[in-house]
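Survey of secondary and tertiary structure
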Amino acid sequence: MADRDTWVSSLGFVLASVGSAAGLGNVWRFPWLTAENGGSAFLVVYLLVVVGVGVPGLLAEFVLGRRGRQTPIGAFRSLIGSKWGSALGAFNVVTTLAILSFYSVVGGWILRYTLASPTGAYFAQPQQYFGAMGFGPAAVGFHLAFLGIVAGIVFFGVDRGIERVSKVMLPAIAVLLVGLAAWTATQPGTAAGYEYYLRFDAGYLAANLPSVLGPAAGQALFALSAVAGTLLTYASYIDDDTSLPRDTLAIAISNTFVGVLAGLVVIPLLFSQGVDPGGGGPGALFVALAGAFGSLPGGPVVATAFFGTVLLAAVTSGISLLEVPVATLVDTYGVPRRRATLLVSLLLAVTGGALALSNGAFQFVSGTLADLLLSIGLLAFLAVAGWLLPTDSVAEFRTGAGRFAPLAGSWIAIVGWVLPTVVLFSLTSSVAPLVGATLGLGGRALVAVAVTLACRLTVAVVSGR
Ligand code: PFF
């Protein structure tokens, strides 16, 4: 096996992970989901889900990544044996390829809007502008350009490429977002937006909790970059001195900060323009916000800063996604990194290109398929860490954990029992109506507990552990 890349510093690992996490999910998807799901009510549930599901799930990924010291296929092979390990690792690789295929299309749109912002080319007719470039040959071109930028960085590897770029880009993103949020606060007509976003409405929350939980959990995983195999790969480059719980918290907090900050820019601005924040969809950010920038003083400057920031955030997430298939070819199949980067990029040029031509396929892959892959990924990670390797996982959690070490016991209980039940509960909630079953909350909870028990038993019997 070739010498593996490593992070130059622990801070480099944290910054690169936040770079992976903070991206289009935060800046583009989060504000819209919040608006669609009742504003502050969604914000509260989302924050709870980040703490309750996202943090322990992400920790499981880090634990497995550092324990396995490999990209997904090699890591899972060494952790749970060749057959299942190869399958689960390959599943991760497919997940990252699927996500990056649509991510790069949106990245291409962002690139296009960044370039068009200084002249305000799309200000006058935002709807038509997006309609003309969203799907078609132009979208393919910008997808390829975005992919080219991402591939250019991955080409140079972990320490010279990813770490160096993250160290510059992340602070830039934070400064730009704070600046934009401050500027937004000075704009007239934004008060209703803040009210909508930040006012805590307990009544709404109580009435809508079950329906808000699913989207909130999906968004928490996507936004944290959890359970796709990317952060497992990043964790394979760290050493034993690193405190995984501490770094997970740092990453979750910074990422949530970026998401909330993005909401503080987007939602008040939409209100100031009288735009309905609930009308989401892939083009929403582009059409509504672009129109808002067009009618604000200093529009071109602010629009350039905004789309430039989103572009930086999208690039750092894109490199984490590309790193998984590339590093897998390097680690598991001995392909030189530069050749691996070229090969994978060629494949993505085709898959992303196809999505850039078809709105229907794009919606399917970016919505249903991505959500499905991530929920299966989460269950698989939980099963490996919590069911198959609880002792190893606890030991790995404790290594370097310092004052967080005593939390290992509660964490493994959450990973092995609570989270699988929660995931199965939300799956039952979406599957039950499909098969015509009408189950109350209690019924679904019972089914979830029973299925968790059955799965645990099956895994124990099959694996002989
Ligand atoms: N977390 C990224 C975002 O919010 O834009 C998207 C993402 C990156 C998801 C990497 C999954 C992943 F493995």
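Quick caveat: nothing in here was measured; it's all calculated off a predicted structure. (Residues numbered from 1 in each chain as written. Predicted model: local features only at pLDDT ≥ 70, side-chain atom pairs only at ≥ 80, totals over all residues. Heavy atoms only, no water.)

1. A look at the site of the ligand
- What surrounds the ligand is a group of 14 residues, the closest being Ala21, Gly25, Tyr103, Phe222 and Ser225.
- In the environment of the ligand, an oxygen atom lies 2.4 Å from a nitrogen or oxygen atom belonging to the side chain of Tyr103.
- The side chain of Ser225 places a nitrogen or oxygen atom 2.9 Å from a nitrogen atom of the ligand.
- Summarising the interface, the protein chains cover 100% of the accessible area of the ligand, which totals 340 Å² for the free molecule.
- Spatially, the ligand is embedded in the largest cavity.
- Sorting the residues of the shell around the ligand by element identifies α1 (10-21), α2 (24-36), α10 (202-224) and α14 (299-333) as the ones contributing at least two each.
- With three residues, α2 is the largest single contributor of residues to the shell around the ligand. (Near = heavy atom within 4 Å. Polar contact = N/O pair within 3.5 Å; in protein donor to acceptor, adjacent residues only side chain to side chain. Areas by Shrake-Rupley, 256 points an atom, 1.4 Å probe, with all protein chains shown as cover. 1 Å grid on protein atoms, 1.4 Å probe; cavity = no way out; pocket = protein on both sides within 12 Å on 5 of 7 lines; lining within 4 Å. Sits in = over half its atoms within 2 Å of the grid points. Helix = DSSP H or I, 4+ residues; strand = E, 2+ residues; numbered from the N terminus.)

2. Some words on the layout of surface pockets
- The computed volume of the largest pocket comes to approximately 610 Å³.
- In terms of lining, the largest pocket is formed by 23 residues, of which the most central are Gly214, Pro215, Ala217, Gly218 and Ser426.
- Secondary structure elements with two or more residues in the lining of the largest pocket: α3 (40-68), α10, α16 (359-388) and α18 (408-431).
- The leading source of residues in the lining of the largest pocket is α10, at seven residues.
- Across the lining of the largest pocket, the residue classes tally to 15 nonpolar, seven polar and one charged.
- In this model, the second largest pocket occupies a volume close to 510 Å³.
- Lining the second largest pocket are 19 residues, and of these Trp84, Ala383, Val384, Leu388 and Val459 sit closest to its centre.
- Elements that contribute at least two residues to the lining of the second largest pocket include exactly α5 (82-116), α16, α18 and α19 (441-463).
- For the lining of the second largest pocket, the element with the most residues is α16, which contributes seven residues. (Points joined across faces, edges and corners; volume = space filled by probe spheres on them. Nonpolar A, V, L, I, M, F, W, Y, C, P; charged D, E, K, R; others polar.)

3. Brief notes about the environment of Phe271
- Topologically, Phe271 is positioned in helix α12 (residues 244-272).
- C-alpha separation for the pair Phe271 and Ala292, spaced 21 residues apart in sequence, amounts to 9.4 Å.

4. Brief notes about the nonpolar core
- Membership of the largest hydrophobic core comes to 146 residues, with the highest contact counts inside it found for Phe286, Phe293 and Phe306.
- Take this core: its biggest share by element is 16 residues, from α14.
- Filtering out sequence-adjacent residues up to four positions away, Phe306 remains in contact with Val27, Leu180, Val265, Val266, Leu285, Leu289 and Phe293. (Core = buried A, V, L, I, M, F, W, Y, C linked by side-chain atoms within 4.5 Å. Buried < 20%, exposed > 50% of the residue type's maximum accessible area, 1.4 Å probe, protein only. Contact = heavy atoms within 4.5 Å.)

5. Quick word on unusual backbone geometry
- Even without being glycine, Arg69 reaches a positive phi, approximately 50°.
- Relative to the assigned elements, Arg69 resides in the loop between α3 and α4 (72-80).
- Residue Arg69 is classed as partly exposed on the basis of its relative accessible area of 33%.
- Positioned with a positive phi, Val227 is a non-glycine residue whose angle comes to about 55°.
- Mapping Val227 onto the fold places it in the loop between α10 and α11 (230-235).
- When its relative accessible area of 0% is taken as the criterion, Val227 is described as buried.

6. Let's talk about the packing of α4 against α5
- α5 packs onto α4 with a crossing angle of 150° between their chain directions and a minimal axis gap of 7 Å. Taken together, the axes of α4 and α5 lie roughly antiparallel to each other. Of the two elements, α4 crosses α5, and the hand of that crossing is right-handed. Of α5, the residues touching α4 (which contributes Pro72, Ile73, Phe76, Arg77 and Ile80) are Ser82, Trp84, Gly85, Ser86, Leu88, Gly89, Ala90 and Asn92.
- Split into classes, the residues belonging to the contact of α4 with α5 amount to seven nonpolar, five polar and one charged. (Axes fitted to C-alpha atoms, helices over the stretch in contact; angles between N-to-C directions. Parallel < 35°, antiparallel > 145°, perpendicular 65-115°, else oblique. Left-handed = near helix turned anticlockwise from the far one by under 90°.)

7. Thoughts on α16
- With 30 residues, α16 should cover 44 Å at 1.5 Å per step; its first-to-last C-alpha distance of 41 Å lies within 8% of that length.
- The largest bend along α16 measures about 35° and falls at Leu369. (Expected span 1.5 Å × (residues − 1). Bend = angle between axes of the 7 residues up to and from the residue.)

8. A closer look at the pattern of salt bridges
- A complete count under the given rule lists seven salt bridges for this structure.
- Of the charged contacts in the structure, one is a salt bridge between Arg67 and Asp392, with a shortest N-O distance of 3.6 Å. Of this pair, Arg67 sits in helix α3 while Asp392 sits in helix α17 (residues 390-398), placing them 325 residues apart in sequence.
- Here Arg67 falls in the partly exposed class, since its relative accessible area comes to 34%.
- A residue is classified by how much of its surface remains accessible, and Asp392, at 31% relative accessible area, is partly exposed.
- Residue Asp240 is joined to Arg69 by a salt bridge in which the shortest nitrogen-to-oxygen separation is 3.0 Å. Taken together, the residues span a long stretch of sequence, with Asp240 in the loop between α11 and α12 and Arg69 in the loop between α3 and α4 at a distance of 171 residues.
- Taken together, the shared-partner salt bridges connect Arg66, Arg67, Arg69, Asp240, Asp392 and Glu396 into one network. (Salt bridge = Lys/Arg side-chain N within 4 Å of Asp/Glu carboxyl O.)

9. Points about the confidence of the model for the protein chain
- Across the protein chain, pLDDT averages 86, with 93% of residues at or above 70.
- For the protein chain, the element scoring lowest by mean pLDDT is helix α13 (residues 284-294), at 76; helix α15 (residues 337-357) scores highest, at 97. (pLDDT = per-residue confidence, 0-100.)

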